[in-house]
Amino acid sequence: MDRITIAIDGPAGAGKSTVAKEVAKRLGISYIDTGAMYRGAAWLVVQHEVTASDEAAVVHLMDSHSLHFEARDHGGFEVFADGEPIAAQLRTPEVSDVVSQISALPKVRDLMTKWFREFSRRHSVVMDGRDIGTVVLPDATVKIFLTADLDERTRRRAEEFDKKGYDVSWSQLKSDIEQRDARDSSREVAPLRPAADAHYIDSTGRSVSEVVQDILNVVEQVSYD
Ligand code: DC
């Protein structure tokens, strides 16, 4: 098969990362977690106490701390700042809190989009995020829009936070997800929305392996068209 690019977009907690990583592993291609890169920029902002709306300062921070990613075999993905891996620090409530402000900054998005496109020109890749099928890879081989209802998405995030020992209430988590979705969907630059040619998958009540299989079926269909 020639180089393939698979775009997976959808709201917070839809299961994109888990599913995308597994699809990459099964196909033996790279996985890029674009949300983790936006979280990396947000983490730098929190660490260095920069104002999240100060676009020039955020871009300077990303540059001066060499924010970058590396894709590994078997769906592995790592984000670095100052040469140190920072993945373990990207899913805290503090980072989640500022990341949609950071990702609404056009210059931050331009830089990220350039990095993601450069990678995809050289490698077959599964990329997940909010604007992959619409902006980053408009010519992706396969586009998926993955969602699940709000209660299920809240439950998944609650389990994730619980495992990490963060104490966040259900109602707080649900309203945070709702607010983040609203901000991600209503921002002017690259808002969250399905590409016209995306395959829509609802993961509510379905297992990871069922959703992975759905996506692999679409990939197979497209490859033989
Ligand atoms: O998928 P996630 O929850 O890790 O994403 C973190 C934030 O980054 C989310 O609020 C939306 C933003 N994001 C984005 O704007 N564009 C992307 N391609 C990926 C993530």
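In what follows, the structure referred to is the one given above.
Read on for an overview of the structure. Worth saying up front: this structure is predicted, and the values here are computed from it rather than measured.

About the cut-offs
Residues numbered from 1 in each chain as written. Predicted model: local features only at pLDDT ≥ 70, side-chain atom pairs only at ≥ 80, totals over all residues. Heavy atoms only, no water. Near = heavy atom within 4 Å. Polar contact = N/O pair within 3.5 Å; in protein donor to acceptor, adjacent residues only side chain to side chain. Areas by Shrake-Rupley, 256 points an atom, 1.4 Å probe, with all protein chains shown as cover. Helix = DSSP H or I, 4+ residues; strand = E, 2+ residues; numbered from the N terminus. Nonpolar A, V, L, I, M, F, W, Y, C, P; charged D, E, K, R; others polar. Expected span 1.5 Å × (residues − 1). Buried < 20%, exposed > 50% of the residue type's maximum accessible area, 1.4 Å probe, protein only. Contact = heavy atoms within 4.5 Å. Core = buried A, V, L, I, M, F, W, Y, C linked by side-chain atoms within 4.5 Å. Pairing = 2+ DSSP bridges.

Thoughts on the site of the ligand
Here's step 1: Within the structure, the ligand sits among 16 residues, and Arg 39, Arg 109, Asp 131, Arg 180 and Arg 187 are positioned closest to it.
Here's step 2: Within the contact set of the ligand, a nitrogen atom lies 3.0 Å away from a side-chain nitrogen or oxygen of Thr 34.
Here's step 3: The separation between an oxygen atom of the ligand and a polar side-chain atom of Arg 109 is 2.8 Å.
Here's step 4: In the complex, 98% of the free accessible area of the ligand, which totals 450 Å², lies under the protein chains.
Here's step 5: Sorting the residues of the shell around the ligand by element identifies helix 2 (34-47), helix 4 (93-102) and helix 8 (170-186) as the ones contributing at least two each.
Here's step 6: Considering every element that reaches the shell around the ligand, the biggest residue donor is helix 2, with 4 residues.
Here's step 7: The residue makeup of the shell around the ligand, split by class, is 3 nonpolar, 5 polar and 8 charged.

Notes on helix 7 (residues 150-163)
Here's step 1: For helix 7, which comprises 14 residues, the first-to-last C-alpha distance of 20 Å matches the rise-based estimate of 20 Å (1.5 Å per residue) to within 8%.
Here's step 2: Every buried residue of helix 7 is accounted for by Leu 150, Glu 152, Arg 153, Thr 154, Arg 157 and Phe 161.
Here's step 3: Looking at the buried side of helix 7, the elements it contacts are helix 2, helix 4 and helix 8.
Here's step 4: Two residues or fewer past helix 7, Gly 165 is found with a positive phi of approximately 80°.

Regarding the nonpolar core
General note: in soluble globular proteins, nonpolar side chains tend to be found buried as a group.
Here's step 1: Counting 57 residues, the largest nonpolar core has Ile 6, Leu 67, Met 112, Phe 116 and Ile 215 as the members making the most contacts within it.
Here's step 2: If you tally residues by element for this core, the top one is helix 2, at 8 residues.
Here's step 3: Beyond its immediate chain neighbours, meaning those up to four positions away, Phe 116 contacts Ile 32, Thr 34, Met 37, Tyr 38, Phe 69, Met 127 and Val 136.

Overview of the pairing of strand 3 (residues 68-71)
Side chains on a regular strand alternate between the two faces of the sheet.
Here's step 1: As paired strands, strand 3 and strand 4 (residues 77-81) are joined by 4 bridges and run antiparallel to one another. If you follow Ala 71 over to strand 4, its bridge partner there is Phe 77.
Here's step 2: Linkage of strand 3 to strand 4, two consecutive antiparallel strands, is achieved through a turn of 5 residues, within which His 74 is found at a positive phi near 55°.

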